[in-house]
Each structure stands twice: as C-alpha cells, then as structure tokens.
2 protein chains.
Amino acid sequence: MPPVAIAWTSKIKSLKCTVAGEMAERGENGRKNDPQQTREDILLVATEEFATHGLAGGRVDAIAEKTRTSKRMIYYYFGSKEGLYLAVLEQSYRKIRSLEADLHLADLQPEEALRTLIATTFDHDEANPDFVRLVSIENIHHAAHMLRSEAIRDLNVSVIETIAGILERGFEEGVFRRKADPIDIHMLISAFCFFRVSNRYTFGTIFRRDLSDPGTMGRHRGMIADAVISYLKN
Amino acid sequence: MPPVAIAWTSKIKSLKCTVAGEMAERGENGRKNDPQQTREDILLVATEEFATHGLAGGRVDAIAEKTRTSKRMIYYYFGSKEGLYLAVLEQSYRKIRSLEADLHLADLQPEEALRTLIATTFDHDEANPDFVRLVSIENIHHAAHMLRSEAIRDLNVSVIETIAGILERGFEEGVFRRKADPIDIHMLISAFCFFRVSNRYTFGTIFRRDLSDPGTMGRHRGMIADAVISYLKN
DNA sequence: AAAAATGTACGAACTAGTTAGTATGTCAAG
DNA sequence: CTTGACATACTAACTAGTTCGTACATTTTT
C-alpha cells in the first residue's frame with residue numbers, strides 16, 4: 001500500500017516543516033534529508049515484508065522498492081538483513097509493552113480485573129496479526145535473535161506481576177479456591193489468544209471456520225475468560 | 001539423527017533382501033535401485049530441513065547432500081521444492097491421523113474420556129515438535145499448500161465427532177452443565193498444547209522457564225485438563 | 001569544509017531447476 | 001535360459017536467475 005505510506009510521509013513532513021517554519025518539500029528530483037523518517041519508513045515496510053514472508057523469505061530488494069528510499073539506506077541504518085529483522089522485532093515488542101501497561105487493574109475486583117486483562121490480551125492479538133506472525137517466525141528460529149536483544153528479554157515481567165497480584169487478592173478474598181502460578185495462567189490465556197491468530201489459516205481450512213467472524217470472535221472471547229475463571233474457582 | 005535413519009534403512013533393506021532371497025547391498029560405487037526407499041529417505045531428510053529452516057529457508061541442496069541420493073532425484077520424485085514441501089506436510093498429517101484414531105473413548109465416562117483425549121493431544125504435540133513447526137510454517141504461508149491438498153483438508157473430522165459424542169453424553173448425564181461447541185473445545189485444548197511447543201523458545205526466553213522440564217510439563221498437562229473440565233461443569 | 005545522508009550500479013555467492021547421459025531391472029521373444 | 005529392447009532409477013555437471021551486500025559518486029546539512 002504505497003499510497004498510504006506516501007500520504008503518511010507527507011503528513012509528518014509538512015508537520016515538521018510547519019514547526020521548522022520552512023518549506024522543504026520534495027521537488028522534481030531534489031533530495032531532502034530526513035534520517036528519522038527514512039528509518040521509520042524502512043521499518044514499517046520491513047515489518048510487513050518479514051511478517052508476510054518470514055526472515056529467509058523476506059527480500060531486501062522488495063523492501064527497498066516499497067520504501068521511498070533505496071537499499072543502500074537499509075544497510076546504512078541497519079547493517080544487514082538480520083539487523084533489520086532484529087530492529088523490526090524489537091520495535092514490535094516495544095509497541096506492545098507501551099500498550100499493555102496502563103489498565104489500572106488494581107482498582108477492580110479480582111474476577112473483573114482478570115476478565116479485563118484477558119479481553120485486552122485477546123483484542124491485542126486479534127488487532128496485531130503482524131506481531132503474532134513475527135513471534136511465530138522467531139520461534140522457528142529458536143528465538144535466536146531475541147536472545148541477542150536485551151531490550152526484548154527484559155520484557156513482560158509487568159504482566160506477570162499484575163496477574164500475581166490479582167491471583168493473590170482473589171485467593172485472600174476467597175473468590176479463587178486454587179493457588180495457581182501466574183506464569184502458568186498467563187500461558188493459558190496467551191496460548192488461546194495467540195493460537196486463534198497464529199493458526200487461523202490451518203485451523204480455518206481444516207474445520208471450515210472463519211475465526212475472524214465477529215460471532216465466533218465474541219464467543220471465543222467469553223470462552224477463554226470463563227475457562228480461566230472457572231479453573232481458578234474450582 | 002542420522003544414526004537412527006541409517007539403522008532403519010538397513011533394517012528395511014535387509015528385510016527386503018531376505019524376502020527376495022538375494023543379496024544386493026551397495027558395493028563400492030555400485031548402484032542399487034530402490035525407489036520406495038529413496039523416496040522415504042528424501043522425505044525424512046526434507047522433513048527435518050523444512051521444520052528447522054522453513055520453506056524459504058530450507059535448501060534443496062542441503063537436503064540432497066544429507067540424502068543418500070542426489071538432487072536430481074528430488075525433482076524426479078517431487079517435481080519441485082514446493083512439491084517436496086507439500087509431500088512432507090501430507091506425510092506428517094497422515095502420521096498424526098493414524099495415531100489419533102484408536103483410543104476407544106466411547107467406553108469411558110465422559111470426564112475420563114475427555115481427560116484421556118486431552119492427555120493424548122498434549123503428549124502428541126510434545127512428542128512431535130517437527131509437526132508443530134511445520135504447521136506453524138504453513139500458517140505463515142496462509143495455509144496455501146494445505147488448501148491445494150485434498151488429503152490434508154479432509155482431516156481431523158474424527159476428533160470433532162469424538163468430542164461431540166463426549167460432550168453430549170456428559171450433558172445428558174448431568175456431568176457437564178454447559179452446552180459447548182465441539183470445535184471450540186478442540187481449539188481450547190489444541191491451543192494450549194500447541195502453543196507450549198510452538199512458542200517454547202520465545203516464551204522460555206522471556207520468562208526464563210524451560211517448558212520441557214518434566215515437572216512443568218506434568219503441571220501443565222493437569223492444568224489444561226482441569227481448565228476444560230471446570231469450564232464445562234460451570 | 002567536514003560530516004551525515006542518499007542514489008546508482010555492480011559483483012560475488014548462492015540456489016532452484018535442467019540437461020544429457022548412465023546404470024539397473026524386467027519381460028517378452030528367440 | 002539367454003538376449004535384447006524398453007521403462008524405471010539414477011548421477012554429475014551445468015545454467016539461468018536471484019539475492020545479499022558494497023564501492024563509488026553525489027547531495028544535503030552543520
């Protein structure tokens with residue numbers, strides 16, 4: 001979708017120009033240096049390419065073409081194909097983290113807090129298939145790139161703390177009868193939400209079912225919440 | 001695991017020779033026609049290559065080298081790289097189907113039947129990481145190859161029928177209070193079992209947890225069963 | 001002028017697929 | 001029970017095209 005990218009690019013650019021108080025649009029063949037924009041542009045295109053074709057299947061030339069800049073810039077900023085892939089991966093995880101933090105679940109009753117968290121996870125995976133695919137791809141590579149990135153490794157601890165808090169409160173208040181491990185609970189939730197997106201195609205093909213159908217989605221959203229809650233209550 | 005493959009190869013070969021009543025082992029550089037064995041040999045090697053590196057990442061030359069035959073034979077038997085990949089996929093699914101059938105769950109009480117089915121699914125995914133990886137890879141490709149294979153499409157219906165039967169009996173007997181959709185239940189089970197294997201690396205890295213640890217495995221095996229059962233009972 | 005950013009063109013290595021020819025088994029005819 | 005024709009199984013070397021990465025030139029910014 002080059003038109004969208006171009007539109008977005010222009011928007012940012014004119015915004016910047018306004019702030020700078022100077023006209024500096026791209027003329028006929030005149031060049032305008034905009035390093036940060038170039039980086040972001042490359043990352044955006046690369047995310048789609050790698051999410052669609054995988055690391056080995058993704059083509060550097062294809063990314064370069066869809067970018068408003070050249071292949072040279074990919075190597076200038078990211079060093080190598082793997083470097084670019086890692087940057088894509090890191091950026092995707094960073095986005096997630098920022099979204100996940102502010103839910104204020106401590107204010108809610110344990111059961112309601114957990115239901116909210118589950119719904120959020122569900123919606124997140126549903127809304128970010130690219131992220132889900134990148135994680136799948138990374139698993140095929142035995143998480144080799146993730147291991148090399150400190151940024152990604154120190155992640156998601158907050159979710160576990162949140163769940164741990166909810167479980168403790170719930171147990172003390174007698175709402176939950178089971179003392180469960182927060183990481184296990186996180187996995188139970190994640191597995192279902194993730195699988196729905198990651199395995200959409202094979203599952204859909206075998207069982208002739210469209211998992212993105214709103215009705216199915218709603219039912220599943222309720223189901224995983226009920227399953228987790230009833231597990232903890234029994 | 002080349003040693004295993006070699007051992008198996010020899011076993012089959014000598015068996016065949018005994019039946020034929022003729023010695024025909026490979027001499028210095030003499031050739032021995034053995035089409036079926038050649039096919040199987042290629043498939044075995046290709047399964048590992050594709051499961052490890054993906055479709056785009058898997059190298060035909062690498063497969064050819066690890067095979068006791070040549071690259072030309074891959075094209076002779078499978079036509080193309082994609083043809084080989086499809087054959088690998090089909091074979092993997094075929095194996096699964098044969099294993100899944102004979103459990104005789106109709107003889108058991110609904111709850112016990114479901115627990116047995118869940119344990120079987122869990123153990124299966126745990127024991128077949130290659131299969132799990134191939135399915136992940138196929139999903140990255142939007143199940144494009146699967147769609148072209150009739151063999152794979154007409155699959156897994158038996159599991160759904162089995163679950164449907166268990167759910168019905170359970171509901172009639174009053175063990176299960178909830179009327180659930182069998183495909184949804186299958187997904188709830190599959191998602192957890194599959195995710196544990198497919199996302200082993202990223203999950204393990206982020207939460208510093210070894211999912212193949214026997215203790216963790218046992219706990220998870222019980223957890224998914226408890227979660228499904230308590231979901232149905234409430 | 002120095003430094004940072006960018007574009008063009010190209011090359012070295014790799015890779016899927018092919019060509020051209022050889023070995024082996026089989027089966028009917030002598 | 002040979003012989004020879006024919007189909008199947010197989011090998012080695014090669015090719016056409018792709019793909020990552022880079023050298024060099026140029027422009028913009030400070």
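Q: Hey, could you go over the overall build of chain A for me, with residue numbers and the actual values?
A: Across its full length, chain A carries 13 helices and zero strands. Along chain A, from the amino end to the carboxyl end, the secondary structure elements read α-α-α-α-α-α-α-α-α-α-α-α-α. For chain A, the proportion of its 234 residues judged to be buried stands at 35%. By sequence separation, contacts in chain A at least 24 residues apart represent 68% of the contacts at least 6 residues apart.

Q: Give me the lowdown on the relation of the copies chain A and chain B, citing residues and values where you can.
A: Superposition record for chain A on chain B: RMSD 0.1 Å, screw rotation 180°, translation along axis 0.0 Å. Such values leave the two copies arranged in the relation of a two-fold axis.

Q: Tell me about the environment of Phe176 of chain A, and please be specific about residues and values.
A: All names here are of chain A. Summarising the element assignment, Phe176 is placed in the loop between helix H10 (157-172) and helix H11 (182-198). Sequence separation between Phe176 and Pro35 is 141 residues; the distance between their C-alpha atoms is 53 Å. Apart from residues no more than four positions distant in its own chain, Phe176 is found in contact with Pro110, Leu167, Gly170, Phe171, Leu232 and Lys233.

Q: Pulling in residues and values, what's your account of the domain arrangement of chain A?
A: Residues and elements named next belong to chain A. With domains assigned, chain A is organised as domain 1 (2-79) and domain 2 (91-233). Contact with domain 1, which involves seven residues of that partner, is made by seven residues of domain 2. Considered class by class, the residues forming the side of domain 1 that touches domain 2 number four nonpolar, two polar and one charged.

Q: Quick rundown of the interface of chain A and chain B? Include the residues and the values.
A: Bring the parts together and some accessible area is lost; that lost area is often taken as the interface size. Chain A puts 44 residues into the contact, and the matching count from chain B is 44 residues. Among the secondary structure elements, those contributing two or more residues to the side of chain A that touches chain B are helix H2 (35-57), helix H7 (129-140), helix H8 (144-148), H11, helix H12 (200-207) and helix H13 (214-233) of chain A. Among the residues forming the side of chain A that touches chain B, the class breakdown is 23 nonpolar, 14 polar and seven charged.

Q: Tell me about the packing of helix H6 (residues 110-127) of chain B against helix H13 (residues 214-233) of chain B, and please be specific about residues and values.
A: All names here are of chain B. Here H6 crosses H13 at 140°, and the two axes come no closer than 10 Å. Comparing the axis directions of H6 and H13 gives the class oblique. Relative to H13, H6 is oriented so that their crossing is right-handed. On H13, the residues that touch Glu111, Leu114, Arg115, Ile118, Ala119, Phe122 and Glu126 of H6 are Met217, Arg221, Ile224, Ala225, Val228 and Ile229. Considered class by class, the residues forming the contact of H6 with H13 number nine nonpolar, no polar and four charged.

Q: Outline the environment of Glu65 of chain B, listing residues and values.
A: Residue and element names in this part refer to chain B. Positionally, Glu65 belongs in helix H3 (residues 60-66). Residue class for Glu65 comes out exposed when judged on the 11 C-beta atoms lying within 10 Å of it. Sequence separation of Glu65 and Val135 is 70 residues, and the distance between their C-alpha atoms is 25 Å.

Q: If you had to explain the confidence of the model for chain A to someone new, which residues and values would you point to?
A: Residues at a pLDDT of 70 or more form 84% of chain A, whose mean pLDDT is 84. Within the model, pLDDT remains below 50 along residues 1-29 of chain A, and this stretch shows 14 contacts once partners closer than five positions in the same chain are excluded.

Q: Residues and numbers for H13 of chain B, please.
A: Between the first and last C-alpha of H13 of chain B there are 29 Å, a value that for 20 residues agrees with the 28 Å anticipated at 1.5 Å per step. His220, Ile224, Ala225, Ala227, Val228, Ile229, Tyr231 and Leu232 of chain B are the residues of H13 of chain B that are buried. Where H13 of chain B is buried, its residues touch H11 and H13 of chain A together with H6, helix H10 (157-172) and helix H11 (182-198) of chain B.

Q: Got a sec to walk through the environment of Leu108 of chain B? Specific residues and values, please.
A: All names here are of chain B. Tracing the backbone through its elements, the reader meets Leu108 in the loop between helix H5 (81-101) and H6. As for Leu108 and Ile166, which are separated by 58 residues in sequence, their C-alpha atoms are 9.2 Å apart. Residues within four places of Leu108 in sequence aside, it is in contact with Ala113 and Thr116.

Q: How would you sum up the nonpolar core? Please name residues and give values.
A: Of all hydrophobic cores here, the largest spans 115 residues; its most connected members are Val228 of chain A together with Val228 of chain B. Contacts of Val228 of chain A, omitting those with residues within four sequence positions, involve Leu114, Ile118, Ile185, Leu188 and Ile189 of chain A together with Ala227 of chain B.

Q: Could you give an account of unusual backbone geometry, naming the residues involved and the relevant values?
A: Positive phi outside glycine occurs at Ala143 of chain A, with the angle close to 55°. Phi is positive for Arg208 of chain B, close to 45°, though the residue is something other than glycine. Mapped onto the elements of the fold, Arg208 of chain B is located in the loop between helix H12 (200-207) and H13. Note on Arg208 of chain B: 9 C-beta atoms within 10 Å, which makes it exposed.

Q: Give me the lowdown on H11 of chain B, citing residues and values where you can.
A: Taking 1.5 Å per residue as the helical rise, H11 of chain B with its 17 residues ought to reach 24 Å, and the 23 Å between its terminal C-alpha atoms agrees with that figure. Among the 17 residues of H11 of chain B, 14 are classified as buried, and the element is accordingly described as predominantly covered.

So, how was this worked out
Residues numbered from 1 in each chain as written. Chains lettered and ligands numbered in written order. Predicted model: local features only at pLDDT ≥ 70, side-chain atom pairs only at ≥ 80, totals over all residues. Helix = DSSP H or I, 4+ residues; strand = E, 2+ residues; numbered from the N terminus. Buried ≥ 20, exposed ≤ 12 C-beta atoms within 10 Å, placed from the backbone. Contact = placed C-beta atoms within 7 Å. Least-squares fit on C-alpha atoms with pLDDT ≥ 70 in both. Domains from an automatic or database assignment. Nonpolar A, V, L, I, M, F, W, Y, C, P; charged D, E, K, R; others polar. Axes fitted to C-alpha atoms, helices over the stretch in contact; angles between N-to-C directions. Parallel < 35°, antiparallel > 145°, perpendicular 65-115°, else oblique. Left-handed = near helix turned anticlockwise from the far one by under 90°. pLDDT = per-residue confidence, 0-100. Expected span 1.5 Å × (residues − 1). Core = buried A, V, L, I, M, F, W, Y, C linked by C-beta atoms within 7 Å.

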